[in-house]
Amino acid sequence: MKQTDCTGTRRPRRVAVIGNGMVGHHFVEQWLASEAAEQSELMVFGAERYPAYDRVHLSDYFDSGSADALRLGSPGLYQHPAVSLKLGESVLSIDPQCKTLHTQGGEYSYDKLVLATGSWPFVPPIPGGAQPHCLVYRTLDDLDAIRASAEGANVGVVIGGGLLGLEAANALKRLGLEVHVVEFAPRLMPVQLDDEAGALLRHKIETLGVAVHTDKATQQIIRGDSARMKMSFADATELETDLIVYSAGIRPQDMLGREAGLQLGERGGIEVDQYCRSSDPDIYAIGECAVWNGRHFGLVAPGYAMARAALSHLVGDGQAYFQGADMSTKLKLLGVDVGSIGDAHGHTPGCQNYRYSDERSGVYRRLVVSEDGKRLLGAILIGDNSGYDQLLQLALNDMPLPEQPEALILPASEGGLPSAGSAELPLTATICSCHNVSKGDICEAMNDGAVSVADLKASTRAATGCGGCAAMLKTVLDAELEKRGVQVDRSLCAHFSHTRQELFHLIRVDGIKTFDELIQRHGHGGGCEICKPAVGSMLASCWNEPIHSPELVPLQDTNDTFMANMQKNGTYSVVPRIPGGEITPKMLIVLGEIGQKYQLYTKITGGQRIDLFGAALDELPLIWEELIAAGFETGHAYGKSLRTVKSCVGSTWCRFGVQDSVGMAIEIENRYKGLRAPHKIKMAVSGCTRECAEAQSKDIGVIATENGWNLYVCGNGGMKPRHADLFATDLDDETLVRYIDRILMFYIYTADRLQRTSVWMENLEGGLDYLRQVVIDDSLGLAAELESRMQHVVDSYRCEWKEAVDDPNRRKRFRSFVNSDEPGRARIVQVVEREQLIPARELAVEEV
């Protein structure tokens, strides 16, 4: 792929990509993986100052505050010698005749050009709508502007109730604002949902504290009386707000193509063929700036498919081409499951509809099937997306429906969703739409030796995009392994041919209280680093015996063994419990004095506690003694157990608080402290729907209402954030605690080893509906047992620190060096100073 310039010199072909968004970045990744990388030069122009980042999870930026957390690709991707990345350099114009493009930095020549300029947010022409606090929600810089505008603000409004509008509303809610959504259409998400689904979604979102205004046409925006601005609507109503975010749709960013004379679609966008070529054969357009067959695609997966088609034609093989794309969507908006598949509105002539609605549980499902009832044309799911993957495969692969299609949307107690049927999927079935991975690709990777989800991710890139296909990928893998005669081993480890759930029930039913007895009766060998801590946790969950009892100590990992978190320089961190974040000035002084006395690095954690870093092993009992004397207990930051219950100040101090969130947080934390579980558990209690304690990102979240408490379950703010699901509303104190007892103990009974509650519920057959049946309706008849087991744990609680310092024999374990009487701190400090290891600010901080 050499080109000859005007001097006759042979040079590599020069390809320019304008746009470094998700689609432009995907083109670069595909280009680097092809032969083109050896024969061409690639110039990439990004108008933003950041390299490509994940716009799908844009609102997570408010939590991390770091662009790096959203960055796409490996850090060295753009260091390839044939790639030059020019950030913050907007392309001002292109000249197709001279094959040049012009930026504020100069002029560049190209041989082939790829436009990946994306789209721009549409701002309705509202009089007064261009004020400083009227913003858009599109880029990281936009989010910085929104965050700055939210400082000192109380009320925020999003104009637009579609996908992006509700995501923007969630972002404003995270900033602590009172949030309103204003939508011109008569329902939310009018493109994806019907009237009944839109009404249910509205009810769910309003329950979460977001006000929804539909059928609203904004006439003008003027100066407010009690807020920065006032919105006047066509129906003569008004709404005051401090901040407005426009999310009223997007338009193709086609200005460069328009000015260069490229052919455009009827409503804008650069027209392309099946190879994503524009009317100029040397210019391609991919993603949201392109229009194919009169259609504009606003999702990332079609953009990725366009990128692959353009590259295939550009390198000359022509094997990939764009054929349109499925626009089905599965997402969680403000913690509410929403799914839309195919012809969700039933526009196909002669189609038939099946609907299931459960207002009590907040679940709505609609199927649209062909006139003969044999093919699925579309679907809508609200409140529960557990059946989305199966329905999508039925629609995409034109698979026959069961004799009674309604069985696909009825709850489990009435027939339920049939098996996912991955074994019946054709090899052409698309499993991962982001990276165009079919079932056939997965089978081929397995033929080449892939035997795990990790193997398949590495070899096919499936489930490495949006991640929505991860569950289906695992289902296909297991089905294919079993079809090939491979037994899918779900054993805990090589020493136990049982799952964690099975071992837990064996321990409980047989009354087993030691690892030796369990392995003698139900396993073999001596155990390992997998089964020993897992069994130790199960024994603690069942009997709540002290983990440092002689027969239990060998089962613990380092942190549990010494009841403190080991840091990377060999010292330990100490985290006392501060229930609900409430602490007296006297206790604060004690923490300061201890930190100063033992020269500890101190840090306030995200869970409203104080972490003391840098303690030597032999100092731990001394520090614990002083903490216990001041009224502190162990905070269990070292264990797979309850960590914290975060709270806002609630009705005691806050003018918006409607319940005593601090009091409830303290009650909950004191009840469940010491509870051992398959993984760590975090909770929070917010005193009103402004949600300052961030309860919806916790395993158990509680939000006050004027009538009681709303309970949220199975959220996760960790590496793969997941909003908690609304489980029950307006609960009194007693019912709230009773439901939490049942949920946590059922999780301990049934979860896998090291499985967070978020993953547990996603894998729980029947999902949220099933959990409600077990906990609220007592469908398994387990409620009394679950409550009894939890009460046993509560009644048998003992502070592990106190038992360790009060027992001379247990205290002997806290010696830094068995061959020296020299204090551990002196030895460690000497090593640190000699090797110049790490300054205090670089100490590893355990998430607590």
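No experiment lies behind these values; they were computed from the predicted model shown.

**What about the overall build of the protein chain?**
For the protein chain, the count of helices and strands is 27 helices and 37 strands. For 848 residues, the compact-globule estimate of 2.2 N^0.38 gives 29 Å, and the protein chain sits close to it at 29 Å. Principal-axis analysis of the C-alpha atoms gives the protein chain an extent of 85 × 70 × 65 Å. With 848 residues in all, the protein chain has 55% of them scored as buried. Split by element, the accessible area of the protein chain, about 36,200 Å² in all, is 49% carbon and sulfur. Here the protein chain contributes 84 positive and 112 negative side-chain charges, whose respective centroids are spaced 3 Å apart.

**Focus on the sheet that holds strand β34 (residues 681-686)**
An order of β33-β34-β35-β36-β37 is seen for the 5 strands of this open sheet, with the pairing classed as mixed. What marks the edges here is a single partner per strand, and that holds for β33 (642-647) and β37 (725-731). Geometrically, the sheet is characterised by an average inter-axis angle of 15° between neighbouring strands, direction not taken into account. Summarising the sheet, β34 and strand β35 (residues 700-705) pair through 4 bridges and their orientation is parallel. The partner of Ser 686 across the bridge, within β35, is Ile 703. Together, β33, β34, β35 and β36 (708-713) form the strand contacts of helix α20 (residues 661-672), whose direction differs from that of β33 by roughly 175°.

**Re the environment of Asp 337**
Checked against the element boundaries, Asp 337 lands in strand β23 (residues 336-342). The class of Asp 337 is buried, set by a relative accessible area of 14%. C-alpha separation for the pair Asp 337 and Ser 497, spaced 160 residues apart in sequence, amounts to 36 Å. Each residue touching Asp 337, except ones within four places of it in the same chain, is listed here: Leu 331, Lys 332, Leu 381, Ile 382, Gly 383, Asp 384 and Asn 385. Engagement of the side chain of Asp 337 in a polar contact is seen with the backbone nitrogen of Asn 385, the distance being 3.2 Å.

**Notes on the packing of α20 against helix α21 (residues 733-750)**
Between α20 and α21, whose axes approach to 12 Å, the crossing angle comes to 35°. In this structure, the crossing between α20 and α21 has a hand that is right-handed. Residues Met 664, Glu 667, Ile 668, Arg 671 and Tyr 672 of α20 form the contact with α21, whose participating residues are Asp 733, Leu 736, Val 737, Ile 740, Asp 741 and Leu 744. Partitioned by chemical class, the residues of the contact of α20 with α21 number 7 nonpolar, no polar and 4 charged.

**Considerations on helix α4 (residues 140-150)**
Among the residues making up α4, those that are buried are Leu 140, Asp 142, Leu 143, Ile 146, Ser 149 and Ala 150. Of the residues one or two after α4, Gly 152 is the one with positive phi, at around 80°.

**Notes on the nonpolar core**
In summary, soluble globular proteins display a tendency toward joint burial of nonpolar side chains. In this structure, Phe 27, Trp 31, Leu 101 and Ile 286 are the most contacted members of the largest nonpolar core, which totals 90 residues. With 8 residues, the top contributor of residues to this core is helix α8 (residues 300-315). Those residues in contact with Leu 101 that sit more than four places away from it in its chain are Ala 16, Ile 18, Phe 45, Val 91, Ser 93, Ile 94, Gly 106, Glu 107, Tyr 108, Tyr 110 and Leu 113. In terms of nonpolar packing, the next biggest core, distinct from the first, is built from 64 residues, Cys 493, Ile 507, Cys 542 and Leu 771 among them.

**Remarks on the sheet that holds strand β31 (residues 601-604)**
Reading across from one edge, β29-β30-β32-β31 is the order of the 4 strands in this open sheet, with antiparallel pairing throughout. If you trace the sheet from one side to the other, it starts and ends with β29 (565-566) and β31, each paired once. In this sheet, strand β32 (residues 610-615) lies alongside β31 in antiparallel orientation, the contact comprising 4 bridges. In the sheet register, Tyr 601 faces β32, and the bridge partner there is Phe 613. Contacts between helix α18 (residues 620-629) and the sheet are confined to β30 (572-574) and β32, with β30 contributing the most and set at about 5° to the helix.

**Remarks on helix α10 (residues 439-447)**
Buried within α10 we find Lys 439, Gly 440, Ile 442, Cys 443, Ala 445 and Met 446. Backbone geometry just after α10 places Gly 449 at a positive phi near 115°.

**Some points on the confidence of the model for the protein chain**
On average, residues of the protein chain score 86 in pLDDT, and 91% of them reach the 70 mark or higher. Ranking the helices and strands of the protein chain by mean pLDDT puts strand β20 (residues 283-285) first, with 97, and helix α27 (residues 824-835) last, with 40. Contacts of residues 4-9 to residues separated by more than four positions or lying in other chains number 4 contacts, the stretch itself having pLDDT below 50. For residues 825-848, every residue scores under 50 in pLDDT, and the model assigns this stretch 49 contacts once sequence neighbours within four places are set aside.

**Concerning the pairing of strand β25 (residues 363-369)**
For β25, the tally of buried residues reaches 7 of 7 residues, placing the bulk of the element in the interior. Here β25 shows a buried face lined by Val 363, Arg 365, Leu 367 and Val 369 and a second buried face lined by Tyr 364, Arg 366 and Val 368. Here strand β24 (residues 352-358) pairs with β25 via 7 bridges, running antiparallel. The residue of β25 that forms the bridge with Asp 358 is Val 363. Where β24 folds back on β25, the antiparallel hairpin that results is connected by 4 residues, among which Gly 362 adopts a positive phi of roughly 70°. Both β25 and strand β26 (residues 376-382) contribute to a ladder of 6 bridges, which runs antiparallel. Paired with Leu 367 across the two strands is Ala 379, which belongs to β26. Count of turn residues in the β25/β26 antiparallel hairpin: 6 residues, of which Gly 373 carries a positive phi of about 75°.

**Digging into the side chain of Ser 312**
By secondary structure assignment, the location of Ser 312 is in helix α8. Polar contacts involving the side chain of Ser 312 include one to the main-chain amide nitrogen of Ala 320, which spans 3.0 Å.

Definitions and limits used
Residues numbered from 1 in each chain as written. Predicted model: local features only at pLDDT ≥ 70, side-chain atom pairs only at ≥ 80, totals over all residues. Heavy atoms only, no water. Helix = DSSP H or I, 4+ residues; strand = E, 2+ residues; numbered from the N terminus. Rg over C-alpha atoms; globule rule 2.2 N^0.38 Å. Buried < 20%, exposed > 50% of the residue type's maximum accessible area, 1.4 Å probe, protein only. Areas by Shrake-Rupley, 256 points an atom, 1.4 Å probe, with all protein chains shown as cover. Lys, Arg positive; Asp, Glu negative; His and termini not counted. Charge placed at Lys NZ, Arg CZ, Asp CG, Glu CD. Pairing = 2+ DSSP bridges. Axes fitted to C-alpha atoms, helices over the stretch in contact; angles between N-to-C directions. Contact = heavy atoms within 4.5 Å. Polar contact = N/O pair within 3.5 Å; in protein donor to acceptor, adjacent residues only side chain to side chain. Left-handed = near helix turned anticlockwise from the far one by under 90°. Nonpolar A, V, L, I, M, F, W, Y, C, P; charged D, E, K, R; others polar. Core = buried A, V, L, I, M, F, W, Y, C linked by side-chain atoms within 4.5 Å. pLDDT = per-residue confidence, 0-100.

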